[in-house]
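Take a look at the letters that make up each chain.
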Amino acid sequence: MLKIGDRMPHFEVMDQNGNTVNSEELLGRKTIIYFYPKDNTSGCTEEACNLRDNYQAMVARGYNVIGVSKDSVKSHKNFAEKYSLPFTLLADTSTEMIQAFGAWGEKSLYGRKYMGTVRSTFIFDEAGILTEIIEKVDTKNHAAQILK
């Protein structure tokens, strides 16, 4: 996992509109990158809607908000449209970006162990330096965790 003071890892992935986004484009603005397991699941929808409802407060503080999961571009487009999400969703179908950030790990469901996206948030300054990591995400109040 990344540590405070690390540079943003390089990535190049597609957003929900099929546009390529790379890490260099994010420099010059504070950026919140949040990783979540799956579009249209209860916790992920709660988290996305909480960030949507507080989006203007984050923009007012100079933040760019980006959500990332291994779902497809089409899935992200549907998710963003269904919930009127005003921020970018990145489709990391290869999980290369998720792994580079350290947000890929062992999970457990009903006693079965598997690898998957670990819900976590990384906040970078304008120079692309990591300033904060939120590992225990409160999906219903995530914006408050970020804006504290």
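Up top you'll find the structure we're talking about.
Quantities reported herein were computed from a predicted structural model and do not represent experimental measurements. Position labels on residues start from 1 in each chain and follow its written sequence. Totals for whole chains, interfaces and linings use every residue, but because this is a predicted model, local features are given only for residues with pLDDT of at least 70 and side-chain atom pairs only at 80 or more, for both listing and counting. Only heavy atoms go into the side-chain values, all of them from the structure, while hydrogens and water stay out.

S.K.: For this particular structure, what's the right way to read the overall build of the chain?
M.R.: Note on conventions: DSSP H or I runs of at least 4 residues are helices, E runs of at least 2 residues are strands, and numbering of each starts at the N terminus. Each helix and strand in the chain was counted, giving five helices and nine strands. Put simply, the chain runs from its N terminus to its C terminus through helices and strands in the order β-β-β-α-α-β-α-β-α-β-β-β-β-α. Radius of gyration means the value over C-alpha atoms here, while the globule rule gives 2.2 Å times the residue count to the 0.38 power. Taking 2.2 N^0.38 as the reference for a compact globule, 148 residues should give roughly 15 Å; the C-alpha atoms of the chain span a radius of gyration of 14 Å, in line with that estimate. Each principal axis of the C-alpha distribution contributes one length, and for the chain these read about 40 × 30 × 30 Å. Considering the chain as a whole, with its 148 residues, one finds that 47% of them fall into the buried category. Contact criterion: two residues are considered in contact whenever any of their non-hydrogen atoms come within 4.5 Å of each other. Intrachain contacts of the chain at a sequence separation of at least 6 include 63% that bridge at least 24 residues. Using a 1.4 Å probe, the Shrake-Rupley method yields the accessible areas, and only the shown protein chains count as cover for residues. In the structure as shown, the chain presents an accessible area of about 7400 Å², 48% of it carried by carbon and sulfur atoms. Each residue is assigned to one of three classes by its accessible area relative to the maximum for its type, calculated with a 1.4 Å probe on protein chains only: buried under 20%, partly exposed between the two thresholds, exposed over 50%.

S.K.: Explain the pattern of salt bridges here, please?
M.R.: Side-chain pairing between opposite charges can occur once the charged atoms of the two side chains come close. Any Lys or Arg side-chain nitrogen found within 4 Å of a carboxyl oxygen on Asp or Glu counts as a salt bridge. The full count for this structure, using the stated rule, is seven salt bridges. The shortest N-O distance in the salt bridge between lysine 140 and glutamate 46 comes to 4.0 Å. Here glutamate 46 lies in helix 1 (residues 42-53) and lysine 140 lies in the loop between strand 9 (130-134) and helix 5 (142-147), a separation of 94 residues in the sequence.

S.K.: When you look at the packing of aromatic side chains in this model, what are you seeing that I'm missing?
M.R.: Pairs of aromatic rings are described using the distance from one ring centre to the other and the angle between the two planes. Only Phe, Tyr and Trp rings are paired, with Trp represented by its six-membered ring, and only when their centres lie within 6.5 Å; those with planes under 30 degrees apart are stacked, over 60 edge-to-face, the remainder tilted. All told, the structure shown has ten aromatic pairs when counted by the stated rule. Taking 5.5 Å as the distance between ring centres and 70 degrees as the angle between the ring planes, the aromatic pair formed by phenylalanine 101 and phenylalanine 122 counts as edge-to-face. Taken together, the positions of phenylalanine 101 in helix 4 (residues 96-101) and phenylalanine 122 in strand 8 (residues 120-124) put the pair 21 residues apart, joining distant regions of the chain. Of the two residues, phenylalanine 101 and phenylalanine 122, both sit in the buried class. The rings of Tyr34, Tyr36, Tyr55, Phe79, Tyr83 and Phe87 are connected pair by pair, giving a single aromatic cluster.

S.K.: Sorry if this is basic, but what is going on with helix 1 here?
M.R.: Three- or four-residue spacings in an α-helix give side chains the same orientation, since the helix completes a turn every 3.6 residues. How far a helix is expected to stretch is found by multiplying one less than its residue total by 1.5 Å. Here helix 1 is twelve residues long and its end C-alpha atoms lie 16 Å apart, about the 16 Å a rise of 1.5 Å per residue gives. Of the positions making up helix 1, those classed as buried are Gly43, Cys44, Thr45, Glu47, Ala48, Cys49, Asn50 and Leu51. Tucked inside the fold, the buried residues of helix 1 contact strand 3 (30-35), helix 2 (55-60), helix 3 (73-82), strand 8 and helix 5.

Interpretation note: all reported values are geometric properties and have no functional meaning in isolation.
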